[in-house]
Amino acid sequence: MSARPDVATATTVAAAETVAAVETVTAESADPCCAAPLPVLGRDVTVPLVTGGEVTYAALDYAASAPALQRVWDDVAAYAPYYGSVHRGAGYLSQLSTDLFENSRVTVAEFLDCRPGDQVVFTRSTTDSLNLLAATLPAGCEVFVFETEHHASLLPWRDARVTYLNAPRTPEQAVATLEHALADRDPYGPALVCVTGASNVTGELWPVKELAAAAHAHGARIVLDAAQLAPHHPVSVQELDVDWIAFSGHKLYAPFGSGVLAGRADWLQDSEPYLAGGGASRKVARRADGGVDVEWHTTAARHEAGSPNVIGVYAIASACKALTEAGFDSLVERERHLIAKVREGLAEVPEVRVLSLFGDDAPRVGVISFVVEGWNSSHFAAALSAEYGIGVRDGLFCAHPLVRTLLGSDPQDPGECGAPEAAPGERSLNAIRVSFGAGTPDEHVERFVGAVKELVRDGAQWKYRTEDGRCVPDRG
């Protein structure tokens, strides 16, 4: 970014301090074969235990929102005094902010290895990105989506003809299922396939490149929901040969509520703006009959009406740079190390059943869901939090059809994203999810595995009750 020297210097110093912190932790790491966790906010936060005392919080809910990287926070803090409105001001701070905003777009395009001519549109989230794409579909477009998707990619296609595909049990079956469905469609009409890169329930990696090849062979396009993939693995638009990618900043170690839709420009340019307003319009003039003529932008601005979340966008760009500089090879190696620790530990508890579509040997990211025989999942998660200071997620993870399928219940059974009304000890039609990533230290997953074993062996130390659909410690 072209900024005043004091802003650039502050950002450079912040990055240098982050590198120094990483090197310090690496030197102290108990496992020399793996890289150290990246410094994140909240790593030293302590929380009270219901049984008394405090403990350092173990944040193991990365799949919902990952903690912000310290590097991202430092970069944003260095820029904050120079914050200004973008694209609309002659003043220095406005020009600086505009430069930073547009350079962030370039950074994201490089991070995703976009094609020449691809557009990077900034949104609020993955959900917002996919709803934007849904609003740009050509007339008569058919959409194909597996029932295994997160609701963000399962539900936005309300104005299209949608074919929901059954959950496959192998990557090869996923490709075959899609090919069979596409072979039956109108070969001359527009079509779109929506698929996740990594499941937010099982963490399993999907055969994106093969699915993209199948889609293109049948004249369809494909959008990749990379919300769970981008924080853990490199994602290349060109290598995967996908038409669009959507992801969220809050899962990429960048808070502040921004997201990205990146990919081909034609459908975006040919559709009406996602939001009508300032920034999306190039020219607006009154007609003689009293109406209004509007000329809309053909760039990404067409779908970015209103004042954008500049800090959120810069945070995403900062996270992209930080992950790239840290090196995905070392990040992936470390995550595999943590995944092995968790899976090996859970395998030692006969009462635990890990949920999976593709089997134990399937490659995956640091997202693992499971159920415990004899336990209500909400009760188990509440005990992990209240008695051990461990934050996990319980519920259906906004992927109801998939979790119902994995639990062996009727996929049409009702459920909520949180815990259902089930008292401690009662069976619940939901699961427990532990998730982690670049900022997770070994101690957190070791404490988690130890807590699971202890709870299954000895039971909870505290009494719990159901309150507003959630299991909570009974303090009465």
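Procedures and definitions
- Residues numbered from 1 in each chain as written.
- Predicted model: local features only at pLDDT ≥ 70, side-chain atom pairs only at ≥ 80, totals over all residues.
- Heavy atoms only, no water.
- Pairing = 2+ DSSP bridges.
- Helix = DSSP H or I, 4+ residues; strand = E, 2+ residues; numbered from the N terminus.
- Axes fitted to C-alpha atoms, helices over the stretch in contact; angles between N-to-C directions.
- Buried < 20%, exposed > 50% of the residue type's maximum accessible area, 1.4 Å probe, protein only.
- Contact = heavy atoms within 4.5 Å.
- pLDDT = per-residue confidence, 0-100.
- Patch = residues over 30% accessible without salt bridge, like charges linked within 9 Å, V, L, I, M, F, W, Y side chains within 5 Å.
- Areas by Shrake-Rupley, 256 points an atom, 1.4 Å probe, with all protein chains shown as cover.
- Salt bridge = Lys/Arg side-chain N within 4 Å of Asp/Glu carboxyl O.
- Parallel < 35°, antiparallel > 145°, perpendicular 65-115°, else oblique.
- Nonpolar A, V, L, I, M, F, W, Y, C, P; charged D, E, K, R; others polar.

1. Looking at the sheet that holds strand S14 (residues 367-372)
Point 1. Here we have four strands laid out as an open sheet, ordered S13-S14-S17-S16, and antiparallel in their pairing. Looking at which strands have only one partner, the edges of the open sheet turn out to be strand S13 (352-354) and strand S16 (393-395). Between one strand axis and the next, the sheet turns through 30° on average, direction left out of account.
Point 2. Relative to S14, S13 runs antiparallel, the two sharing three bridges. Each bridged residue has a counterpart across the sheet, and for Val 352 the counterpart in S14 is Val 372.

2. What about the environment of Val 208?
Point 1. Here Val 208 is to be found in helix H7 (residues 208-217).
Point 2. Relative accessible area serves as the criterion here: at 4%, Val 208 is assigned to the buried category.
Point 3. Taking C-alpha positions, Val 208 is 9.4 Å from Pro 171, a pair spaced 37 residues apart along the chain.
Point 4. In this structure, Val 208 is in contact with Thr 196, Gly 197, Leu 224, Leu 240 and Val 242, ignoring residues within four places of it in sequence.

3. So, unusual backbone geometry
Point 1. Positive phi, close to 60°, is recorded for Asp 241, a residue that is not glycine.
Point 2. By the element assignment, Asp 241 lies in the loop between helix H8 (237-240) and strand S9 (244-248).
Point 3. The exposure class of Asp 241 is partly exposed, given its relative accessible area of 35%.
Point 4. At Cys 398, a residue that is not glycine, the phi angle is positive and equals roughly 50°.
Point 5. Relative to the elements of secondary structure, Cys 398 occurs in the loop between S16 and helix H13 (400-407).
Point 6. Judged by its relative accessible area of 23%, Cys 398 is partly exposed.

4. Brief notes about the confidence of the model for the chain
Atomic detail in the predicted coordinates should be set aside for any region of low pLDDT.
Point 1. Confidence in the prediction of the chain, expressed as mean pLDDT, is 89, and 89% of residues score 70 or more.
Point 2. Contacts from residues 1-30, a stretch scored under 50 in pLDDT, to residues over four places away or in other chains number 35 contacts.
Point 3. Here residues 411-421 is a poorly scored stretch, pLDDT under 50, and it has 32 contacts once near neighbours within four places are set aside; other chains count.

5. Comments concerning a nonpolar patch on the surface
Point 1. Where nonpolar side chains cluster on the molecular surface, the patch consists of Val 284, Val 292 and Val 294 and spans about 230 Å² of accessible area.
Point 2. Summarising the element assignment, Val 292 is placed in strand S12 (residues 292-296).
Point 3. With a relative accessible area of 42%, Val 292 lands in the partly exposed category.

6. Considering the pattern of salt bridges
Point 1. On inspection of all chains with the given rule, the structure shows 24 salt bridges.
Point 2. Between Asp 61 and Arg 433 there is a salt bridge whose closest N-O contact spans 3.6 Å. Of this pair, Asp 61 sits in the loop between strand S3 (58-59) and helix H2 (70-79) while Arg 433 sits in strand S17 (residues 431-435), and the two are 372 residues apart along the sequence.
Point 3. Two residues, Glu 304 and Arg 105, come together in a salt bridge whose shortest N-O distance is 2.9 Å. Taken together, the residues Glu 304 in the loop between S12 and helix H10 (310-326) and Arg 105 in helix H3 (residues 92-111) connect sequence positions 199 residues apart. Neither Glu 304 nor Arg 105 differs from the other in exposure class; each is buried.

7. What to know about the packing of helix H11 (residues 328-347) against helix H14 (residues 442-458)
Point 1. Interhelical geometry of H11 versus H14 gives an angle of 10° and a closest axis separation of 9 Å. Relative to H14, H11 is oriented roughly parallel. Each of Arg 334, His 337, Leu 338, Lys 341, Val 342, Gly 345 and Leu 346 in H11 lies in contact with H14, whose residues at this interface are Asp 442, Val 445, Glu 446, Phe 448, Val 449, Val 452 and Lys 453.
Point 2. Of the residues assigned to the contact of H11 with H14, the class counts are seven nonpolar, two polar and five charged.

8. With respect to the sheet that holds strand S4 (residues 119-123)
Point 1. With respect to topology, seven strands assemble into an open sheet ordered S4-S10-S9-S8-S7-S5-S6, the strand pairing being mixed. Of all the strands in the sheet, the pair left with one neighbour each is S4 and strand S6 (161-165). The mean inter-strand angle of the sheet, taken between neighbouring strand axes irrespective of direction, is 20°.
Point 2. Sheet topology note: the S9/strand S10 (residues 259-263) ladder contains five bridges and is antiparallel. Looking at the pairing, Ser 248 lines up with Gly 259 of S10.

9. Focus on H13
Point 1. Buried residues dominate H13, accounting for eight of its eight residues.
Point 2. If you check which residues of H13 are buried, you get His 400, Pro 401, Leu 402, Val 403, Arg 404, Thr 405, Leu 406 and Leu 407.
Point 3. Turning to H13, the residues buried within the fold contact helix H5 (151-154), S13, S14 and S16.
Point 4. Downstream of H13 by one or two residues, Gly 408 has phi in the positive range, about 75°.

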